[in-house]
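Coordinate analysis (summary)
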Amino acid sequence: MNTGSDETGEAAVAADAAKSESVLGSRAPEFIKARRMLHLSWQVGVFIVGLAVVGAGVIMLPLPGPGWLVIFGGMAIWATEFVWAQLVLRWTKRKVTEATQRALDPKVRRRNIILTTIGVVIIAVLVGIYVWKFGFEMPWKIKE
């Protein structure tokens, strides 16, 4: 298939990734960056908002809610100002992309389907043995 590029597929993807990589650093408006105290106040505000969002995500991990999504949202808020957060988000995106590519590999998919099937069969056998031996009685009402 002709994509209109003379580059190979991997080279084209690498070139697109290099173009999409933004410059590290603050994304605050220029009038804020021009004044040191205002920029420092801006960074403190961004840090506090990001911390609140990440904290809410951590609370949502054991509770109902999209915990990891909220945590990554807080990291994205921090990434608007802090280089370390931008680097963490780049690393996370790279790892998620690699995991996605591994998961789409036909061999890995086949292995996962086989392991899931084996697990479901084992659980079904164990439930069948329990029901055969005890019926539908709850464990705390079993009398032998």
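Structure shown above.
Below or above, wherever it landed, is the structure these notes cover. From a predicted model like this one, the values you see are computed outputs, not experimental measurements. (Residues numbered from 1 in each chain as written. Predicted model: local features only at pLDDT ≥ 70, side-chain atom pairs only at ≥ 80, totals over all residues. Heavy atoms only, no water.)

**Some thoughts on the environment of S26**
Residue position: S26 is located in the loop between helix 1 (9-20) and helix 2 (30-33). Distance from S26 to V83, taken between C-alpha atoms, is 7.6 Å for residues 57 residues apart in sequence. With residues near it in sequence (within four places) discarded, S26 still touches K33, H39, T80 and E81. (Helix = DSSP H or I, 4+ residues; strand = E, 2+ residues; numbered from the N terminus. Contact = heavy atoms within 4.5 Å.)

**Brief notes about the nonpolar core**
As a rule of thumb, soluble globular proteins bury nonpolar side chains together. The biggest cluster of nonpolar side chains holds eight residues, and these are V46, V54, M75, W78, A79, F82, A85 and L89. Listed by contribution, the elements that provide at least two residues to this core are helix 3 (36-60), helix 4 (67-79) and helix 5 (83-103). The element contributing the most residues to this core is helix 4, with three residues. The contacts of F82, once residues within four sequence positions are left out, are Q43, V46 and F47. (Core = buried A, V, L, I, M, F, W, Y, C linked by side-chain atoms within 4.5 Å. Buried < 20%, exposed > 50% of the residue type's maximum accessible area, 1.4 Å probe, protein only.)

**A look at the packing of aromatic side chains**
Following the criterion strictly, the structure yields five aromatic pairs and no others. With a centroid separation of 6.0 Å and 25° between ring planes, the pair formed by F82 and W84 is classed as stacked. F82 sits in the buried class, given a relative accessible area of 15%. Residue classification places W84 among the partly exposed positions, given a relative accessible area of 42%. A connected cluster of aromatic rings, assembled from ring pairs, spans F47, W78, F82 and W84. (Phe/Tyr/Trp six-rings, centres within 6.5 Å; stacked < 30°, edge-to-face > 60°.)

**Concerning the packing of helix 4 against helix 5**
At a minimum axis distance of 7 Å, the contact between helix 4 and helix 5 shows a crossing angle of 135°. Classed by the angle they form, the pair helix 4 and helix 5 counts as oblique. The interaxial crossing formed by helix 4 with helix 5 has left-handed handedness. Side by side, helix 4 and helix 5 meet where F72, M75, A76, W78 and A79 of the first sit next to W84, A85, Q86, V88, L89 and T92 of the second. For the contact of helix 4 with helix 5, the per-class residue count stands at nine nonpolar, two polar and no charged. (Axes fitted to C-alpha atoms, helices over the stretch in contact; angles between N-to-C directions. Parallel < 35°, antiparallel > 145°, perpendicular 65-115°, else oblique. Left-handed = near helix turned anticlockwise from the far one by under 90°. Nonpolar A, V, L, I, M, F, W, Y, C, P; charged D, E, K, R; others polar.)

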